[in-house]
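Working through the structure, step by step
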Amino acid sequence: MIIIKTIDGITSRLRKFRSIHSSIGFVPTMGALHKGHISLLQNCKQVCELAVSSIFINPTQFNNADDFKKYPVTLEQDIYTLEKNGCDVLFLPDTNEMYPDETIPKKHFDLGQLEIILEGKYRPGHFQGVCQAVKRLLEIVMPSHVFMGQKDYQQCMVIKKLLEIENLNTQLIICTTLREENGLAMSSRNLRLSEKQREDAAAIYKTLRHVKQNIRSGSLLQLKKDAQDYLSGNNFKVEYVEIAEADNLNIVDEWDGVTRLVILAAAFIGDVRLIDNILLKD
Ligand code: PAF
């Protein structure tokens, strides 16, 4: 694996590659890699000739300074993991390389309702920051495919929108969420959970599964309320449990029994914020 820290360096390396091959796969990350990231890399290697990953803890997507400060950093281990799992190129820029001129006003991305619902509502500015970093990374790497995890369902929708509005010639591949044995969705933030919290956090997936098993056409209000109450009763501070149309994230309170739906939840256990989702009708 080659590690490249500068835009000039990665641009010239990928230019050479692009002159001979057609597919470059890209797995953008903020490090603290876990099996979910490895599975993104494995998907990438199946589809593309070259696997590029990046590690950049993007300051502009943290709406909470404390969350940024506490974000786990495991760089040495991450480099080892990427190398061992067949990553060809690791792009490792610093903040100056990514955002050289702080005086340039930040571009605003028109994300429509995606920006104000669910994660957008509770993490104002978060998706603008994600788009800022991802757009920059995509313009640098110019991948044919970008691989992202379904665990960040709304982020996937945001990136789909970003590709459309910025006319970027990259295909988004959404990969299934990897889970711990108890059902807890794998996430870098899990590193901040105590063993007991890890066990308790399995309640999120349990709740989502319960809704999937019990959903019927008609009103969804009671089912949503029961899910919220169950989590609150199990020591979570719930931000939302919502059911939405899977294709556009329109929140629904009634179901026609046909439309593809997704249930999404965000809740704190201690001071760690976790999110998860599952499709209710595959
Ligand atoms: O999902 C993440 O790790 C980040 O939001 C991403 C896509 C790497 C952008 O900084």
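Read on for a plain summary of the structure.

Digging into the overall build of the protein
Looking only at helices and strands, the protein features 11 helices and 11 strands. Taking 19 Å as the expected radius of gyration for a compact globule of 282 residues, we find that the protein reaches 19 Å, a close match to that expectation. Considered along the principal axes of its C-alpha atoms, the protein spans approximately 55 × 40 × 40 Å. Looking at the protein residue by residue over its 282 residues, the buried ones come to 51%.

Observations concerning the pattern of salt bridges
This model, assessed by the stated rule, comprises 19 salt bridges. Put simply, Glu166 and Lys107 hold a salt bridge, and the shortest N to O gap is 3.0 Å. With a gap of 59 residues between them, Glu166 in the loop between helix 8 (153-165) and strand 6 (171-175) and Lys107 in the loop between helix 5 (95-98) and helix 6 (119-122) connect regions that are remote in the sequence. With a relative accessible area of 18%, Glu166 lands in the buried category.

Focus: the pairing of strand 11 (residues 272-279)
In terms of burial, strand 11 is a largely internal element, 8 of the 8 residues being buried. Where burial is concerned, the two faces of strand 11 agree: the one with Val272, Leu274, Asp276 and Ile278 and the one with Arg273, Ile275, Asn277 and Leu279 are both buried. Where strand 10 (residues 261-269) and strand 11 come together, 8 bridges link them in antiparallel fashion. Across the sheet, residue Ile269 finds its bridge partner in strand 11, namely Val272.

So, the nonpolar core
Counting 48 residues, the largest nonpolar core has Ile10, Val52, Tyr153, Ile159, Leu249, Val262 and Leu264 as the members making the most contacts within it. With 9 residues, the single largest contributor to this core is helix 7 (residues 126-141). Sequence-distant contacts of Tyr153, that is, excluding residues within four places in its chain, are made with Ala246, Leu249, Val262, Leu264, Asn277 and Leu279. Core analysis: the next-biggest nonpolar cluster, separate from the first, contains 26 residues, Leu231, Val241, Ile243 and Leu280 among them.

Examining the site of the ligand
Every residue lining the ligand is accounted for by Pro28, Thr29, Met30, Asn58, Gln61, Val134, Met148 and Gln155. Here an oxygen atom of the ligand and a side-chain polar atom of Gln61 are 2.6 Å apart. Between an oxygen atom of the ligand and a side-chain N or O atom of Gln155, the distance comes to 2.7 Å. Summarising the interface, the protein chains cover 89% of the accessible area of the ligand, which totals 290 Å² for the free molecule. Of the residues contributing to the shell around the ligand, the split by class is 4 nonpolar, 4 polar and no charged.

Examining the layout of surface pockets
Taken as a whole, the second largest pocket encloses approximately 390 Å³ of empty space. Around the second largest pocket, the lining comprises 16 residues; the ones closest to its centre are Tyr99, Ile104, Lys106, Gln132 and Arg136. The greatest single-element share of the lining of the second largest pocket, amounting to 5 residues, is contributed by helix 7. Here the residues of the lining of the second largest pocket sort into 7 nonpolar, 2 polar and 7 charged.

What to know about unusual backbone geometry
Even without glycine at this site, Leu118 takes up a positive phi of about 50°. Positionally, Leu118 belongs in the loop between helix 5 and helix 6. The class of Leu118 is buried, set by a relative accessible area of 6%.

What to know about the sheet that holds strand 5 (residues 145-149)
Spatial ordering of the open sheet is given by 1-4-3-2-5-6, a layout of 6 strands whose pairing is parallel. Of all the strands in the sheet, the pair left with one neighbour each is strand 1 (2-4) and strand 6. Strand-to-strand, the axes of this sheet are offset by a mean angle of 25°, without reference to chain direction. Contacting strand 2 (24-29), strand 3 (50-55), strand 5 and strand 6, helix 2 (residues 35-47) runs over the sheet at an angle of about 150° to strand 5. Most of the contacts of helix 8 go to strand 6, to which it runs at about 170°, and overall it touches strand 5 and strand 6.

Side note on the side chain of Asp276
Considering the arrangement of structural elements, one finds Asp276 in strand 11. A relative accessible area of 4% places Asp276 in the buried class. Within the structure, Asp276 has its side chain in polar contact with the side chain of Arg179 (distance 2.8 Å).

Focus: the environment of Ser144
Turning to its location among the elements, Ser144 is positioned in the loop between helix 7 and strand 5. For the pair formed by Ser144 and His126, sequence separation is 18 residues and the distance between their alpha carbons is 25 Å. Looking at Ser144, its side chain comes within polar contact range of the side chain of His145, at 2.9 Å.

Points about the packing of helix 7 against helix 8
Axis separation between helix 7 and helix 8 bottoms out at 10 Å; the angle between their running directions is 55°. Classified by the angle their axes make, helix 7 and helix 8 are oblique. Judged by the twist between their axes, the crossing of helix 7 over helix 8 is right-handed. In this structure, helix 7 contributes Phe127, Val130, Cys131, Val134, Lys135 and Leu138 to the contact, and helix 8 contributes Gln154, Gln155, Val158, Ile159, Leu162 and Leu163. For the contact of helix 7 with helix 8, the per-class residue count stands at 9 nonpolar, 2 polar and 1 charged.

The rules behind the values
Residues numbered from 1 in each chain as written. Predicted model: local features only at pLDDT ≥ 70, side-chain atom pairs only at ≥ 80, totals over all residues. Heavy atoms only, no water. Helix = DSSP H or I, 4+ residues; strand = E, 2+ residues; numbered from the N terminus. Rg over C-alpha atoms; globule rule 2.2 N^0.38 Å. Buried < 20%, exposed > 50% of the residue type's maximum accessible area, 1.4 Å probe, protein only. Salt bridge = Lys/Arg side-chain N within 4 Å of Asp/Glu carboxyl O. Pairing = 2+ DSSP bridges. Core = buried A, V, L, I, M, F, W, Y, C linked by side-chain atoms within 4.5 Å. Contact = heavy atoms within 4.5 Å. Near = heavy atom within 4 Å. Polar contact = N/O pair within 3.5 Å; in protein donor to acceptor, adjacent residues only side chain to side chain. Areas by Shrake-Rupley, 256 points an atom, 1.4 Å probe, with all protein chains shown as cover. Nonpolar A, V, L, I, M, F, W, Y, C, P; charged D, E, K, R; others polar. 1 Å grid on protein atoms, 1.4 Å probe; cavity = no way out; pocket = protein on both sides within 12 Å on 5 of 7 lines; lining within 4 Å. Points joined across faces, edges and corners; volume = space filled by probe spheres on them. Axes fitted to C-alpha atoms, helices over the stretch in contact; angles between N-to-C directions. Parallel < 35°, antiparallel > 145°, perpendicular 65-115°, else oblique. Left-handed = near helix turned anticlockwise from the far one by under 90°.

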